[in-house]
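What follows is the residue order along each chain.
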Amino acid sequence: MADKHALNIIKMKKMKTDGVPLSMLTAYDYPSALLAEEAGIDLILVGDSLGNVVLGYDTTLPVTIEDMVYHTRSVKRGAPNTFIVADMPFMTYHGSVDETLRGVRRLMQEGQAHAVKMEGGLEICSAVSAVVAAGVPVLGHIGLTPQSVNMIGGYRIQGKDAKDAQRLMDEAKALEAAGAFGIVLELVTEEVAEAISKAVSIPTIGIGAGRYCDGQVLVFHDVLRYASPYREKKFVKTYADVGTLIREGITSYVQEVKDRSFPAEEHVFSADETVLESLYGNAGKGVK
């Protein structure tokens, strides 16, 4: 979209104030980013969820900074006029500040992201502050944090009791104080997500966190049912079933190759007789 311009963190905060929801979608490569931008998406997240949906891992933990740089750079080429957030992979921001900033530098310089996303609450606030102090916008991420799935005992709904709700509220406020420009709330009860959204001045972007966040994010492959087999998720709405279309299309191609109906006459190129003569001599005359 030639007339589209990337958002910035100031505009996003104003959208929250004005009550204009933010639309966010993951993308992991050039064609998906291109389509997302053409559709008018506000933000693209190059999520480490690529480990599950693109690279075939069971979790996000094996994803490396090299993976993230490669895919972020591809997405940037496809969506040059969209605000792009790149995930910091597992354990790349829990060590020294220098180590954290090296990873951030690669995502910003080599990947050409506009911002980075970091999972966690109070324990990562010092890292968030350091990255923001270096001039890089940070999107926080609390609730279900897939990088900590082994610690939290699986993919569980967050904020189901008063103690957990208070923990999430404290984390959101701490991330805001640390300088995060927004917070992803994943698999958080709707009531707690609404309370957090009202309590902080920065946008909240929900995924499985109900109707009252300041924006929503979903995974590209979930929105389009682009998987096999596809696992249903309560918080996802499918807008197109491209997985079935792709499978059916490839099945038809295989069948037509097998029964020799493809390629048909309209798919081939014909040579004149002089070309055939150069290949076969006089024996080529009449060969078609």
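Structure's up top.
Every value quoted in this text rests on a predicted model; they were computed, and no experiment measured them.

Cut-off values and rules
- Residues numbered from 1 in each chain as written.
- Predicted model: local features only at pLDDT ≥ 70, side-chain atom pairs only at ≥ 80, totals over all residues.
- Heavy atoms only, no water.
- 1 Å grid on protein atoms, 1.4 Å probe; cavity = no way out; pocket = protein on both sides within 12 Å on 5 of 7 lines; lining within 4 Å.
- Points joined across faces, edges and corners; volume = space filled by probe spheres on them.
- Helix = DSSP H or I, 4+ residues; strand = E, 2+ residues; numbered from the N terminus.
- Core = buried A, V, L, I, M, F, W, Y, C linked by side-chain atoms within 4.5 Å.
- Buried < 20%, exposed > 50% of the residue type's maximum accessible area, 1.4 Å probe, protein only.
- Contact = heavy atoms within 4.5 Å.
- Phe/Tyr/Trp six-rings, centres within 6.5 Å; stacked < 30°, edge-to-face > 60°.

(A) Quick look at the layout of surface pockets. Approximately 1,300 Å³ is the volume found for the largest pocket. Lining of the largest pocket is provided by 49 residues; of these, E186, I207, D222, K233 and F235 occupy positions nearest its centre. Elements with a contribution of two residues or more to the lining of the largest pocket: helix 3 (50-53), strand 4 (115-119), strand 6 (182-186), strand 7 (204-207), strand 8 (215-218) and helix 10 (220-223). Here the element with the most residues in the lining of the largest pocket is strand 8; it accounts for three residues. The calculated volume of the second largest pocket comes to roughly 270 Å³. Secondary structure elements with two or more residues in the lining of the second largest pocket: strand 1 (22-26), helix 2 (30-38), strand 8 and helix 10.

(B) Quick look at the nonpolar core. Membership of the largest hydrophobic core comes to 71 residues, with the highest contact counts inside it found for I44, V85, M118 and L185. Counting residues per element, this core draws most heavily on helix 8 (residues 162-178), which supplies six residues. In this view, V85 contacts M24, L43, I44, L45, V46, A115, V116, K117, L139 and F181; residues no more than four positions away in its chain are not counted.

(C) Region of the structure containing the packing of aromatic side chains. Overall, the coordinates contain two aromatic pairs when judged by the stated rule. Aromatic pair F83 and F181: ring centres 5.8 Å apart, planes at 70 degrees, arrangement edge-to-face. Pair noted here: F83 is in strand 3 (residues 83-87) and F181 is in the loop between helix 8 and strand 6, with a separation of 98 residues, a long-range link. Each member of the pair, F83 as well as F181, is classed as buried. Look at Y253 and F262: their rings are 6.1 Å apart centre to centre, the planes differ by 65 degrees, and that puts the pair in the edge-to-face class.

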